[in-house]
Amino acid sequence: MFVRRIKTKSGIYLAEVENKRVGGKVKQHIIKYIGKEVNGKVIRKVSTQDVDVVNVKRYLDVEIIDKLVDELGIKDVLPKEILVFVYAQLLDRPGINKLEEWLNNTEILNFLGISEITTAKLYNALTKFDDNDFKRIEEHIRDVLLPYEKDSKSIVLDVTDTYFEGKSVEGKPRKGKEEKVKKLLQVGLAVTKQYGFPLLHRYYDGSISNIKIFQDMLPQLWALKYDPIIMDRGFMAEENLSDILSLKMKVIAGVKKNRYFQSHFLEDIKKDDIYRLENRIKLKNTEVYLKSYRYRSGKLLVIYNPYLEPLKRTRYYEMHQKEGVAKYLGYSLIYHNTNMQDSEVIKTYYDKDIIERAFRQMKGVLSLRPVRVWMQSHIRSHIKICYLAYAVLALLSYKLRELEISAPEALEKLKTGYKVYLKDEKTGFEWSKVVTPNKLQDKIICSVKKC
């Protein structure tokens, strides 16, 4: 038996035929028609009543993630099992014990070229990944993403904490930002201000202060050659500022209102002098008033917020019976040593929500917490996986910047883009078909694939 192409006026048809000897001559006998050839491709002829749906798997969201992973260039430098975790983090974040079953309903294994996966292999991959030279991977991702940052060379630095469990992990329970008393770990993260691309991250015990974290990260931040670095007041101390100036780095940093700054700057400020029209600076959701002083090769900006002061005073009086520092409420301090105008510095500082969005995505969308693994090596690997997943989200956000939709929302919209596996029960022929995307899905796909 063989397949014969039969040309007719209506097109080229394919038929399964066999040779038969009739009256001493060999003639071709058509067993059945297979289908039609269109543009060099075979369109099978199948009766709908004989078709069964064999499987339905998530496809479009996986395809988009796979395209972005390819663009980041991390497919060839990461173990495939770790990429399984990255893809899963961006989609449903199932527990590791349920991951093997969940993967059977997606196209992840097919895209990664994995024939089979087991829970044991996944745990083993987590253990080994802790020994991975992740700084090299961070550098690789930076090299891919930084060409997109054409209009800004500013970075934002912050630290977040997250709870974890596990007897194998050292550390005493303490109260975190969410007022829970549990074991904590901290993640220091630096991202670009313009698009929130990740630059580097570091992992710390929950008891280390932000001042110490900055001292540890300073050499890596200096090596990035980005300026200014924008950071909250928790990082600033006289020792850290001295290091910044000796390295000739530029910063925009919040400053704590300690006794030194209270007595040398805030004590002598009269509200009528700062609360004037010529000192007003309009921000997105409020307005503040500014007075600046020369300080340590830069400027110290004293900022007064008349809308915030009564709220803080009310809260303060509910907790304290004395005036104490009440007169300083409503004031905040920013140090900078840039060439920017003071008003621009203030707007830049208060517009640093890109780092907050990054942490919201890592802790919310990417489920940085709670850490559902117990061994310390697994926890560190989990944080790295969240970092990689955030890099994919950041690149997707950049691709979607012309659409009014966030990266997590886009992945949610693609969730219904299934691939359906079909089978002709009569012939045993199997094939698959991707459900036709709707208009929004098409726009998302084109934004990533540059249609």
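In this text the structure is predicted, and so the values were computed from the model without any measurement.

**Some thoughts on the overall build of the protein**
And step 1. Helices and strands together make up the secondary structure of the protein, namely 16 helices and 18 strands.
And step 2. Buried residues in the protein amount to 45% of all 451 residues.
And step 3. Put simply, the protein shows about 24400 Å² of open surface, and 49% of that area lies on carbon and sulfur atoms.

**As for a nonpolar patch on the surface**
And step 1. On the surface, Val53, Val56, Tyr418 and Val435 cluster together into a nonpolar patch covering about 310 Å² of accessible area.
And step 2. Tracing the backbone shows Tyr418 in strand β17 (residues 418–424).
And step 3. A relative accessible area of 32% places Tyr418 in the partly exposed class.

**Quick word on the packing of aromatic side chains**
And step 1. Scanning the entire structure with this criterion turns up 20 aromatic pairs.
And step 2. Look at Phe197 and Tyr398: their rings are 5.9 Å apart centre to centre, the planes differ by 55°, and that puts the pair in the tilted class. Taken as a pair, Phe197 in the loop between β9 (184–192) and β10 (198–205) and Tyr398 in helix α14 (residues 376–399) lie far apart in primary sequence, 201 residues in all. Here the two residues Phe197 and Tyr398 agree in accessibility, since each one is buried.
And step 3. Ring geometry for Tyr295 versus Tyr335: centroids 6.2 Å apart, planes at 80°, classification edge-to-face. In this pair, Tyr295 sits in strand β14 (residues 287–295) while Tyr335 sits in strand β16 (residues 331–336), placing the two residues 40 residues apart along the sequence. Taken individually, Tyr295 and Tyr335 each receive the classification buried, so the pair is uniform in this respect.

**Describing helix α9 (residues 259–266)**
And step 1. By the burial criterion, the buried members of α9 are Phe261, Gln262, Phe265 and Leu266. For α9, the arc enclosing every buried residue in end-on projection is 110°, short of the 170-degree limit, so these residues lie on one face.
And step 2. Contacts made by the buried residues of α9 are with α8 (238–246), β12 (251–255), β14, β15 (298–304) and β16.

**Details of the side chain of Ser447**
And step 1. Here Ser447 lies in helix α16 (residues 439–449).
And step 2. For Ser447, a relative accessible area of 18% puts it in the buried group.
And step 3. One polar contact links the side chain of Ser447 to the main-chain carbonyl oxygen of Lys443, over a distance of 2.9 Å.
And step 4. In this structure Ser447 touches Lys399, Leu400 and Leu403, once residues within four positions along its chain are discounted.

**Quick word on the pattern of salt bridges**
Think of it this way: side chains of opposite charge can pair up when their charged atoms draw near.
And step 1. All told, the structure shown has 19 salt bridges when counted by the stated rule.
And step 2. Residue Asp66 pairs with Lys75 through a salt bridge whose shortest N-O separation is 2.5 Å.
And step 3. For the salt bridge of Lys284 with Asp351, the shortest nitrogen-to-oxygen distance reads 3.0 Å. In this pair, Lys284 sits in the loop between β13 (280–282) and β14 while Asp351 sits in the loop between α12 (342–350) and α13 (353–365), placing the two residues 67 residues apart along the sequence.
And step 4. Among the ionic contacts, a cluster of salt bridges with common partners joins Arg58, Asp61, Asp92 and Lys415.

**Re the confidence of the model for the protein**
Close reading of the predicted structure is inappropriate where its pLDDT is low.
And step 1. Summary statistics for the protein give a mean pLDDT of 86 and a share of 83% for residues scoring 70 or more.
And step 2. Element-level mean pLDDT values for the protein span from 57 in strand β4 (residues 41–44) up to 98 in β15.

**Concerning helix α2 (residues 80–90)**
And step 1. Of all 11 residues in α2, 9 are buried; the element is thus mostly enclosed.
And step 2. When we look at burial in α2, the residues that qualify are Ile82, Leu83, Val84, Phe85, Val86, Tyr87, Ala88, Gln89 and Leu90.

**Thoughts on the side chain of Asp130**
And step 1. Mapped onto the elements, Asp130 comes out in the loop between α5 (119–129) and α6 (134–145).
And step 2. Here Asp130 falls in the buried class, since its relative accessible area comes to 16%.
And step 3. Ignoring any residue separated from it by four or fewer positions in sequence, one finds Asp130 in contact with Ser377, Arg380, Ser381 and Lys384.

**Thoughts on a positive patch on the surface**
And step 1. Together, Arg233, Lys256, Lys312 and Arg315 make up a region of like positive charge exposed at the surface.
And step 2. Mapped onto the fold, Arg315 is located in helix α11 (residues 308–319).
And step 3. For Arg315, a relative accessible area of 53% gives the class exposed.

How each quantity is defined
- Residues numbered from 1 in each chain as written.
- Predicted model: local features only at pLDDT ≥ 70, side-chain atom pairs only at ≥ 80, totals over all residues.
- Heavy atoms only, no water.
- Helix = DSSP H or I, 4+ residues; strand = E, 2+ residues; numbered from the N terminus.
- Buried < 20%, exposed > 50% of the residue type's maximum accessible area, 1.4 Å probe, protein only.
- Areas by Shrake-Rupley, 256 points an atom, 1.4 Å probe, with all protein chains shown as cover.
- Patch = residues over 30% accessible without salt bridge, like charges linked within 9 Å, V, L, I, M, F, W, Y side chains within 5 Å.
- Salt bridge = Lys/Arg side-chain N within 4 Å of Asp/Glu carboxyl O.
- Phe/Tyr/Trp six-rings, centres within 6.5 Å; stacked < 30°, edge-to-face > 60°.
- Arc of directions from axis to C-beta.
- Contact = heavy atoms within 4.5 Å.
- Polar contact = N/O pair within 3.5 Å; in protein donor to acceptor, adjacent residues only side chain to side chain.
- pLDDT = per-residue confidence, 0-100.
- Lys, Arg positive; Asp, Glu negative; His and termini not counted.
- Charge placed at Lys NZ, Arg CZ, Asp CG, Glu CD.

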